[in-house]
Amino acid sequence: LSYRFGIAESDTAQQARDTLERGIGALIGTRADDAEIAPLLGHLIGFDFSRHPALRGLIEDARALRERAFAAAARLFAALARRRPVVLLLEDIHWADDGALDLLAHVARTGQDAPLLFVFLARPTLFERRPSWGEGQQMYMRLRLSPLSKRDARRLATALLVRLPALPPELLDMLVGGAEGNPFYVEELVQMLIDDGIIVPGPEVW
């Protein structure tokens, strides 16, 4: 939300609150029923709305505040979906804390009747910590991506290094073995070799 609305770390607390409220208002309109979405959701994600009328009586009740803020997040996406279908793509959610995971699950669960598509990308460590996260919902689908075979890893490495006049077998073996079937690691290893000056890119030939 900070990125979407251009909230900078150098902004004062008041500037951040004002920008968030204006941004959410511009996204979903200014219906009276939705007026509390920005302060509730803003307070949940770290903006101090403790003096806002929408939070009156909630500041001392963390559980009630969390429940109302979760409901506000769900209403935000429902309001967005009333205008047009919405896709939310989040990468690396294995880094998300439990509160964020609970929030995402709540929004997905309460938005099943709206044109919403949530795509969450994570490493298997997420399900080591939360084995059943996301399950039990009508439209839930988990796609497990297997590691690349050695053959496919070699094809990827060869494609990335296509400008080398000759690809040493030892270099190819190092890339395939070091990546352990992870395509991202193949790319990162190639970039590391470039950064270290072992591979020198040129306009035509490396």
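What counts, and at which threshold
- Residues numbered from 1 in each chain as written.
- Predicted model: local features only at pLDDT ≥ 70, side-chain atom pairs only at ≥ 80, totals over all residues.
- Heavy atoms only, no water.
- Phe/Tyr/Trp six-rings, centres within 6.5 Å; stacked < 30°, edge-to-face > 60°.
- Helix = DSSP H or I, 4+ residues; strand = E, 2+ residues; numbered from the N terminus.
- Buried < 20%, exposed > 50% of the residue type's maximum accessible area, 1.4 Å probe, protein only.
- Lys NZ or Arg CZ within 6 Å of the ring centre and 35° of its normal.
- Pairing = 2+ DSSP bridges.
- Right-handed = clockwise from strand over helix to strand, strands pointing away.

Counted according to the given criterion, the structure contains 4 aromatic pairs. Taken together, a centroid distance of 5.6 Å and an interplanar angle of 75 degrees make the contact between Phe77 and Phe118 edge-to-face. Placement of Phe77 in helix 4 (residues 62-83) and of Phe118 in strand 2 (residues 116-120) is noted, with a sequence separation of 41 residues between them. Phe118 carries the same exposure label as Phe77, and that label is buried. Between the aromatic rings of Phe184 and Tyr185, the centroid separation amounts to 6.2 Å while the plane-to-plane angle is 50 degrees, which identifies the pairing as tilted. A connected cluster of aromatic rings, assembled from ring pairs, spans Phe77, Phe118, Phe120 and Trp133. Between the NZ or CZ atom of Arg142 and the centre of the ring of Phe127, over which it lies, the distance is 3.6 Å.

Our next topic: the pairing of strand 2. Pairing between strand 1 (residues 86-90) and strand 2: 5 bridges, direction parallel. Bridge pairing in strand 2 places Val86 opposite Leu116. Handedness of the crossover joining strand 1 and strand 2 through helix 5 (residues 98-110): right-handed.

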